[in-house]
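Chain residues, written in single-letter form:
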Number of protein chains: 2
Amino acid sequence: MREAVESHGASVRVRAGAGEYSVLIGHGLLADLPGLLDSHVDANRFAVITDENVAALHTEALVEKCREAGLDATLLTFPAGEASKTRKSWSILTDEMLDAGFGRDTCVVAVGGGVTTDLAGFVAATYMRGVPIVQVPTSYLAMIDASVGGKTGVDVRHGKNLVGAFHAPALVIADTAVLTTLPAVQRRQGLVEAFKHGAILDRAYLDFLVSNVEALLAVDRSVVQQAVVRSVELKAGVVTEDELEAGYRQILNFGHTVGHALEAASDFALGHGSAVALGMVVEARVGARLGVSSDGTAERLEAALSTLLSPERGPVDLERVVGFLGADKKARGGRARYVLLRQLGEVDSGTGWTHDVPEAIVTEALEGLIPTR
Amino acid sequence: MREAVESHGASVRVRAGAGEYSVLIGHGLLADLPGLLDSHVDANRFAVITDENVAALHTEALVEKCREAGLDATLLTFPAGEASKTRKSWSILTDEMLDAGFGRDTCVVAVGGGVTTDLAGFVAATYMRGVPIVQVPTSYLAMIDASVGGKTGVDVRHGKNLVGAFHAPALVIADTAVLTTLPAVQRRQGLVEAFKHGAILDRAYLDFLVSNVEALLAVDRSVVQQAVVRSVELKAGVVTEDELEAGYRQILNFGHTVGHALEAASDFALGHGSAVALGMVVEARVGARLGVSSDGTAERLEAALSTLLSPERGPVDLERVVGFLGADKKARGGRARYVLLRQLGEVDSGTGWTHDVPEAIVTEALEGLIPTR
């Protein structure tokens with residue numbers, strides 16, 4: 001699945017619907033953004049969507065470079081932050097594109113973190129019933145998770161990502177050089193998803209991450225390249241198997257059922273990575289309690305995660321957490337479903353990829369880990 | 001492609017992505033709506049979306065019938081009319097579903113005309129990144145056009161259907177008995193799309209429609225069955241070939257490039273069917289002027305359409321029409337593209353399915369047909 005890209009990168013292919021797309025991973029790839037767009041996308045105009053922070057750091061210069069190369073590129077910005085991932089921002093960006101006369105011969109280019117890849121992805125998915133998108137992730141989270149697999153969406157007051165669409169990108173360009181501009185806290189939070197890939201699919205990769213945490217946080221070129229490639233390979237393998245999350249893809253939600261509920265119950269005071277890390281430990285403990293996981297799995301996972309994140313466990317209202325669990329997207333008949341580990345690197349699939357778990361057992365695992373009020 | 005459904009209908013299969021779906025056509029099919037839902041859809045709950053007029057005519061009784069059969073069905077309504085086909089209505093319906101706790105195990109059932117199938121389709125396409133939809137068209141337009149092919153969308157101030165998605169239905173149930181409740185003007189307007197199917201694909205079918213206009217308007221059971229089945233077969237053949245409108249499907253836009261622009265320039269005073277009928281004649285004349293169509297094609301099409309609709313040609317502002325043409329979804333580099341007839345029943349494909357036409361020739365054809373101001 002992996003192949004060399006010139007001298008300085010790798011390419012992972014992802015199958016989506018009838019077609020497939022490439023995830024290019026390498027240090028400095030964006031130096032040739034115009035050439036990559038030109039060779040991978042059939043479009044006459046480019047709408048480059050980015051948040052205001054990333055615009056100043058990277059995107060203004062990238063758009064300028066595209067123009068110099070003769071591409072018709074227009075910059076569209078929105079205020080940085082999860083608060084922008086709304087139907088309102090989506091409407092505004094869509095209207096700005098319509099005002100500027102973009103037709104179906106347009107390609108959206110999303111430059112940014114997970115908020116941008118999700119929001120711009122939903123704009124592209126619904127603009128004139130869908131135009132191509134090139135994802136240019138600039139955070140760990142977006143490189144190893146959000147930009148691969150075609151999920152797009154926005155948040156509503158009922159929860160995160162409850163409105164959206166599947167819309168596979170035409171190309172993903174992961175230039176690991178941009179990670180050096182990422183704040184340290186976002187590096188830690190984003191790498192939680194890499195730990196998740198290891199926990200559910202590849203124990204040796206989890207061990208590699210634990211051994212190299214400091215190098216990853218310092219954005220060591222060679223270690224980062226290995227980690228991003230392996231995470232993308234693992235995720236690509238899953239979404240190629242089950243693009244629309246009918247079954248197997250649900251394993252990627254490990255830690256997220258509880259994580260999303262914790263995030264929402266904290267009114268998003270808890271970072272996404274911290275919430276998912278806690279969620280993984282809670283869900284691992286649920287697996288232990290049900291006798292699904294082998295002995296010590298939850299403890300070993302907790303120890304691995306502690307090398308990345310120090311605990312951030314402000315008291316949460318348990319009743320609100322349970323309320324959000326019942327409203328989870330993947331709930332069936334009002335009950336959340338859980339991915340359970342058999343051991344580190346392996347998910348239990350005894351009765352399907354997700355499990356129905358008695359509420360009392362989830363509550364018990366939550367109470368044992370997190371100060372509740 | 002066609003097969004018998006019990007004793008009283010036909011079934012046309014449509015391929016979409018990796019799967020396919022059935023369009024059931026018959027008089028009185030809705031008497032067994034609960035059974036059809038149960039046998040065709042894997043869902044625990046049903047969100048039935050309909051406009052307030054159709055609710056009173058049909059949908060309240062249908063929901064009651066589903067409940068009596070043990071299905072968990074909830075009615076959601078919106079104000080009737082094209083003015084409801086907006087992002088705002090889409091948001092409200094989505095939020096009502098979230099308030100009611102609908103999860104991903106939900107199926108949307110759309111009961112109504114083209115506005116409902118498009119609007120509810122967009123709700124289903126984007127609810128938790130997509131839930132299945134069953135289309136229950138209640139108008140000619142929706143039966144033969146809007147409910148087949150998976151196009152969904154809403155209007156924005158820049159034009160119609162500019163925001164939307166492709167979302168294939170799980171099932172389409174075309175119960176021709178409900179056409180008797182359709183106002184006469186909507187019967188005429190909706191049948192224009194059937195004439196279009198004949199004009200681009202099947203001259204014999206066009207002749208059949210002309211010979212049976214009065215029976216179609218009177219909703220004669222046997223003639224209506226034949227026409228709906230033939231139109232659905234023709235449309236299904238096209239969208240099976242090219243679901244996402246990459247090429248061949250564009251032939252279904254015959255008459256619509258000019259039609260949509262006329263509709264918009266009249267501020268929607270001109271009915272959709274009337275606008276498309278005029279658009280077909282204008283585009284047929286463009287074909288004649290360019291020497292693409294055989295002699296008499298435009299005149300024969302105009303004569304055929306005159307059996308259905310009397311001319312409705314209020315003066316339009318030519319400059320506004322031309323402005324809307326440039327903003328067409330399928331425009332390339334700001335220029336609209338045109339489907340041209342070779343002869344009745346056949347589209348020209350000499351240089352692709354659509355043609356770039358000098359603006360002066362379109363303007364000339366418009367001026368020759370429509371009083372401009």
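Refer to the preceding data block for the structure.
Caption draft 1: Here's a closer look at the relation of the copies chain B and chain A. The two copies are related by a screw motion: chain B maps onto chain A through a turn of 180 degrees and a shift of 0.0 Å along the axis, at an RMSD of 0.0 Å. Here the symmetry operator amounts to a two-fold rotation axis. Relative to the rotation axis, the C-alpha of glycine 17 of chain B is the closest in chain B, positioned 3.5 Å from it. A shared binding surface is used by both copies, with 100% of the interface residues of chain B retained as interface residues in chain A.

Caption draft 2: The pairing of strand β6 (residues 106-112) of chain B, seen in detail. Residues and elements named next belong to chain B. Within β6, seven of the seven residues are buried, leaving the element largely enclosed by the surrounding structure. Where burial is concerned, the two faces of β6 agree: the one with Thr106, Val108, Ala110 and Gly112 and the one with Cys107, Val109 and Val111 are both buried. In the sheet, strand β4 (residues 45-51) pairs with β6 via six bridges, with the strands oriented parallel. Within the sheet, the bridge partner assigned to alanine 47 lies in β6 and is valine 108. In terms of strand pairing, β6 meets strand β7 (residues 133-137) through five bridges, oriented parallel. When the sheet's bridge partners are listed, valine 108 is paired in β7 with isoleucine 133. Following the backbone out of β6, through helix α4 (residues 114-126) and into the adjacent parallel β7, one traces a crossover that is right-handed.

Caption draft 3: Representation of helix α3 (residues 87-99) of chain B in the model. Between its terminal C-alpha atoms α3 of chain B stretches 18 Å, which fits the 18 Å expected from 13 residues at 1.5 Å a residue. Listed as buried for α3 of chain B are Arg87, Ser89, Trp90, Ser91, Leu93, Thr94, Asp95, Met97 and Leu98 of chain B.

Caption draft 4: How the structure looks around the pattern of salt bridges. Applying the stated criterion across every chain, the model contains 41 salt bridges over all chains. Across the pair arginine 104 of chain B and glutamate 245 of chain A runs a salt bridge, and its minimum N-O distance is 2.9 Å. Placement of the pair is arginine 104 of chain B in the loop between α3 and β6 and glutamate 245 of chain A in the loop between α9 (221-241) and α10 (256-265), with the two residues belonging to separate chains. One salt-bridge network, held together by shared partners, links Glu82, Lys160 and Glu263 of chain A.

Caption draft 5: Structural context of the interface of chain B and chain A. Across the boundary between the two partners, chain B contributes 35 residues, which contact 35 residues of chain A. Linking chain B to chain A there are six salt bridges. Of the charged contacts in the structure, one is a salt bridge between aspartate 99 of chain B and arginine 157 of chain A, with a shortest N-O distance of 3.4 Å. Counting every contact that joins chain B to chain A gives 14 residue pairs in polar contact (both at pLDDT 80 or more). At the level of elements, α3, α4, β8 (151-156) and β9 (159-166) of chain B are the ones that each hand at least two residues to the side of chain B that touches chain A. The element contributing the most residues to the side of chain B that touches chain A is α3 of chain B, with seven residues. Class assignment for the residues of the side of chain B that touches chain A results in 13 nonpolar, 10 polar and 12 charged.

About the thresholds
- Residues numbered from 1 in each chain as written.
- Chains lettered and ligands numbered in written order.
- Predicted model: local features only at pLDDT ≥ 70, side-chain atom pairs only at ≥ 80, totals over all residues.
- Heavy atoms only, no water.
- Least-squares fit on C-alpha atoms with pLDDT ≥ 70 in both.
- Contact = heavy atoms within 4.5 Å.
- Buried < 20%, exposed > 50% of the residue type's maximum accessible area, 1.4 Å probe, protein only.
- Helix = DSSP H or I, 4+ residues; strand = E, 2+ residues; numbered from the N terminus.
- Pairing = 2+ DSSP bridges.
- Right-handed = clockwise from strand over helix to strand, strands pointing away.
- Expected span 1.5 Å × (residues − 1).
- Salt bridge = Lys/Arg side-chain N within 4 Å of Asp/Glu carboxyl O.
- Polar contact = N/O pair within 3.5 Å; in protein donor to acceptor, adjacent residues only side chain to side chain.
- Nonpolar A, V, L, I, M, F, W, Y, C, P; charged D, E, K, R; others polar.

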